[in-house]
Structures are given as structure tokens and as C-alpha cells.
Amino acid sequence: MGRMLWMIIVVLLIIWLLGLVLKIGGGLIHLLLLIAGVILIFQLVTGKRKL
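This one's a predicted model, so the numbers in the text were calculated from it and none came from an experiment. (Residues numbered from 1 in each chain as written. Predicted model: local features only at pLDDT ≥ 70, side-chain atom pairs only at ≥ 80, totals over all residues. Heavy atoms only, no water.)

### What about the overall build of the protein chain?
- Check the secondary structure of the protein chain and you find two helices and zero strands.
- The proportion of buried residues among the 51 residues of the protein chain is 20%.
- Carbon together with sulfur atoms contributes 80% to the accessible area of the protein chain, which is approximately 4,300 Å² in total. (Helix = DSSP H or I, 4+ residues; strand = E, 2+ residues; numbered from the N terminus. Buried < 20%, exposed > 50% of the residue type's maximum accessible area, 1.4 Å probe, protein only. Areas by Shrake-Rupley, 256 points an atom, 1.4 Å probe, with all protein chains shown as cover.)

### Regarding the nonpolar core
- Residues Leu-5, Ile-9, Leu-12, Leu-33, Ala-36 and Leu-40 constitute the largest nonpolar core, which totals six residues.
- Every element with two or more residues in this core is listed here: α1 (2–22) and α2 (26–46).
- Apart from residues no more than four positions distant in its own chain, Leu-5 is found in contact with Ile-39 and Gln-43. (Core = buried A, V, L, I, M, F, W, Y, C linked by side-chain atoms within 4.5 Å. Contact = heavy atoms within 4.5 Å.)

### Thoughts on the environment of Leu-13
- Mapped onto the fold, Leu-13 is located in helix α1.
- Take Leu-13: its relative accessible area is 36%, and that puts it in the partly exposed class.
- The sequence separation of Leu-13 and Leu-32 amounts to 19 residues, and the corresponding C-alpha distance is 9.8 Å.

The structure is reproduced here in C-alpha cells:
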């Protein structure tokens, strides 16, 4: 599960960067990136897995 979360975060970051450069994607990618960030921070705070 942890490896899949990191993969999702990396993919969202790449899509977000492409959206910034090419001006595509709109607000949806920003919302998804925010959700992924919140999940990452939650996992780091709760300490369910090591980095």
C-alpha cells in the first residue's frame, strides 16, 4: 500500500508540473495533489510506516 501511495504522488506531481508548463489540467489536478499531500502527511504523522 505504501509503495502505491508514493507512485500516485509521483504521477500527480509529474502531471501537475506538465499542467503548469502547458497550461492544461485546470483545478482538478490541484485538488488531487492536495488530497495526496494530506494523505502523505497523515501517514507520516501517524507513523504507520517508515520512510
